[in-house]
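What follows is the residue order along each chain.
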Amino acid sequence: MAINFCTECGQPMEIRTIDGVERRACTSCSAVHWGSYSIGVGALVIKDDKVLLVRRAQEPGKGNWTNPGGYIEQLEPIEETVIREVLEECGVQTSVKGIIALRDQPRASVHNLYVAFEMDYISGEPIPDGVEVDGAGFYSMEEMQTMKVASFTQWLIDAALRGNGAGLQHDREPIVPTNGNGFFRVL
């Protein structure tokens, strides 16, 4: 979808070459449309050697079992997003342990970055929200063999269970001020 009017001042946009790429730029102010992006998050919660899965009640992927997740809100820290999504979808309280995987999915309509978090289980029994998901529970690898688990979720589970490091951790004491940014690193 072409951006025809500036989101900053409302004036018409034109095509300009910026950094060697044709981009939409405002004819009046300095605003440049850099592209359309979305950031998704996913949670891998393991309890008693079982993985928390939810069954999607909506497209895309309706009927597939996936890890809980969703999209960040504009002013929401990413760690809060993944905790919120798990709680909203199935009522389970969690905390972030670390980032275990990323998926980069460039597409013409929107460039999606998906950040998968390993989560610590705190409390709660999985109960589907009845809107986004219609099933929820902790499942063993054997149980998953007979379930319609989405292929990307299968990959994430493999990344979580067969990873050999601690993944990216939230740097809670960076050497520079964060100004509200979340810094993650291998610790």
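Below: a short report on this structure. (Residues numbered from 1 in each chain as written. Predicted model: local features only at pLDDT ≥ 70, side-chain atom pairs only at ≥ 80, totals over all residues. Heavy atoms only, no water.)

Assigned secondary structure in the protein chain consists of three helices and 12 strands. Seen along its three principal axes, the alpha-carbon backbone of the protein chain occupies a region of about 60 × 45 × 25 Å. Split into buried and exposed, the 187 residues of the protein chain put 36% on the buried side. Summed over all atoms, the accessible surface of the protein chain reaches about 11300 Å², with 51% contributed by carbon and sulfur. Across the protein chain, 16 positive and 26 negative side-chain charges occur, with their mean positions spaced 5 Å apart. (Helix = DSSP H or I, 4+ residues; strand = E, 2+ residues; numbered from the N terminus. Buried < 20%, exposed > 50% of the residue type's maximum accessible area, 1.4 Å probe, protein only. Areas by Shrake-Rupley, 256 points an atom, 1.4 Å probe, with all protein chains shown as cover. Lys, Arg positive; Asp, Glu negative; His and termini not counted. Charge placed at Lys NZ, Arg CZ, Asp CG, Glu CD.)

Under the defined criterion, the tally for this structure stands at four aromatic pairs. When the centroid spacing of 5.7 Å and the interplanar angle of 85° are considered together, the rings of Tyr-121 and Phe-138 count as edge-to-face. Of this pair, Tyr-121 sits in strand β9 (residues 111-123) while Phe-138 sits in strand β10 (residues 133-139), and the two are 17 residues apart along the sequence. Judged by its relative accessible area of 26%, Tyr-121 falls in the partly exposed class. (Phe/Tyr/Trp six-rings, centres within 6.5 Å; stacked < 30°, edge-to-face > 60°.)

Attention now goes to the nonpolar core. Of all hydrophobic cores here, the largest spans 17 residues; its most connected members are Leu-52, Val-82, Cys-90, Phe-117 and Met-119. Contributing elements (two or more residues each) for this core: β4 (37-47), β5 (50-56), α1 (78-90), β8 (93-105), β9 and β10. Residues within four places of Leu-52 in sequence aside, it is in contact with Val-45, Thr-66, Asn-67, Pro-68, Val-86, Cys-90, Val-92, Pro-126, Gly-137 and Phe-138. The next biggest cluster of nonpolar side chains, apart from the first, holds 14 residues, and it includes Tyr-114, Tyr-139, Met-144 and Ile-157. (Core = buried A, V, L, I, M, F, W, Y, C linked by side-chain atoms within 4.5 Å. Contact = heavy atoms within 4.5 Å.)

Moving on, we come to the pattern of salt bridges. Here the structure, examined in full by the defined rule, presents eight salt bridges. Its salt-bridge partner being Asp-134, residue Arg-55 comes within 2.7 Å of it at the nearest N-O pair. One end of the pair, Arg-55, is in strand β5; the other, Asp-134, is in strand β10, with 79 residues separating them in the sequence. By relative accessible area, which is 29% here, Arg-55 ends up partly exposed. A salt bridge links Glu-85 to Arg-84, with the shortest nitrogen-to-oxygen separation between them at 3.1 Å. Several salt bridges share partner residues, and in doing so they unite Glu-76, Arg-84, Glu-85 and Glu-88 into one network. (Salt bridge = Lys/Arg side-chain N within 4 Å of Asp/Glu carboxyl O.)

A separate point is the pairing of β9. As paired strands, β4 and β9 are joined by nine bridges and run parallel to one another. Bridge assignment links Tyr-37 to a residue of β9, and that residue is His-111. Where β8 and β9 come together, 11 bridges link them in antiparallel fashion. Looking at β9, one finds that Gln-93 is bridged to Ser-123. The antiparallel pairing of β8 with β9 creates a hairpin that spans five residues between the two strands. (Pairing = 2+ DSSP bridges.)

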